[in-house]
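Below, each chain spelled out in residue letters.
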Amino acid sequence: MPTKVHIMDSFTDAENKFTQLIDLLSHHDTKKMWLSQIESIVNNEGKELLRRLLQGHIDERGLGDIGDTIIGSDNIERTHKRITERKIKTLFGIINIKRICYSNHGNKGLFPKDSLLNLPNSLYSFGVQKLIAQEAIRSSFDEGIESIDRMIGLKISKRQAEKIILTIPSYF
């Protein structure tokens, strides 16, 4: 029997999901299903596996701790550190990004991990924003939003999609 390779702790959830998907596809009941039913299972469960892989990668990159203090582009030193978290809606689902905020009283906090990952200011990843723009070009906003929901299971309001479209030129 082959030995199981241990995956880094950050990827344990993804490894568990992968094993669960293999077990499901190997089950005798699944072997009686039509191809279309199996495609649906792999599509849905596979997206969750990809989300967990992305989450594991982001976790593996740490908190963005670059030292005791940081000096911003405003030449102000920030000496207070605290761990914060933000959510990002990606092509694979929502991920949580834990990161360190460097701050001091009266000044905007800085998040080095956000810069290292090139995170957008909005809740939607650049991948999702690009998809919104592509779908808006192809059809109406309403049809584009419906298409994105069908493709990746992400519900976006028309207002939010319009706001993203207006900011797209500054990113791409």
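Above this note sits the structure.
Residues numbered from 1 in each chain as written. Predicted model: local features only at pLDDT ≥ 70, side-chain atom pairs only at ≥ 80, totals over all residues. Heavy atoms only, no water.

Caption draft 1: Region of the structure containing the pattern of salt bridges. Taken as a whole and assessed by the stated rule, the structure comprises ten salt bridges. Put simply, R138 and E135 hold a salt bridge, and the shortest N to O gap is 2.6 Å. With a gap of three residues between them, R138 and E135 both fall in helix α4 (residues 126-138), about one helical turn apart. The class of R138 is exposed, set by a relative accessible area of 61%. Taking the shortest distance from any N to any O, the salt bridge between K155 and D149 comes out at 2.8 Å. Overall, the relative accessible area of 62% leaves K155 in the exposed class. Through salt bridges that share partners, E48, R51 and R52 make up one connected network. (Salt bridge = Lys/Arg side-chain N within 4 Å of Asp/Glu carboxyl O. Helix = DSSP H or I, 4+ residues; strand = E, 2+ residues; numbered from the N terminus. Buried < 20%, exposed > 50% of the residue type's maximum accessible area, 1.4 Å probe, protein only.)

Caption draft 2: Highlighting the packing of aromatic side chains. Within this structure, the stated rule accounts for zero aromatic pairs. The ring of F111 is capped by R99, whose NZ or CZ atom sits 3.9 Å from the centre of that ring. (Phe/Tyr/Trp six-rings, centres within 6.5 Å; stacked < 30°, edge-to-face > 60°. Lys NZ or Arg CZ within 6 Å of the ring centre and 35° of its normal.)

Caption draft 3: Examining helix α2 (residues 35-60) more closely. Compared with the 38 Å implied by 1.5 Å per residue over 26 residues, the 36 Å span of α2 between its first and last C-alpha is a close match. Residues of α2 that are buried include every one of I41, G46, L49, R51, Q55, G56 and I58, and no others. Those residues of α2 that are buried lie in contact with α1 (12-26), β4 (93-103) and α3 (112-117). Phi turns positive one or two residues past the end of α2, at G62, with a value near 80°. (Expected span 1.5 Å × (residues − 1). Contact = heavy atoms within 4.5 Å.)

Caption draft 4: Summary view of the nonpolar core. Among the nonpolar cores identified, the biggest contains 13 residues, and Y124, V128, I132, I148, I152, L154 and I156 are the most heavily contacted of them. Elements supplying a minimum of two residues to this core: α4, α5 (141-152) and α6 (158-167). The element that contributes the greatest number of residues to this core is α4, accounting for four residues. Not counting residues up to four positions away in its chain, the partners in contact with Y124 are K89, Q129, L154, K155, I156, Q160 and I164. In terms of nonpolar packing, the next biggest core, distinct from the first, is built from six residues, I95, I97, L117 and L119 among them. (Core = buried A, V, L, I, M, F, W, Y, C linked by side-chain atoms within 4.5 Å.)

Caption draft 5: Here's a closer look at unusual backbone geometry. The phi torsion at N75 lies on the positive side, around 65°, for a residue other than glycine. Mapped onto the elements of the fold, N75 is located in the loop between β1 (70-71) and β2 (77-78). Classification of N75 by relative accessible area gives exposed; the value is 67%. Positive phi, close to 55°, is recorded for N118, a residue that is not glycine. With respect to the helices, strands and loops of the structure, N118 is situated in the loop between α3 and α4.

Treat this as a map of the structure, not an account of what it does.
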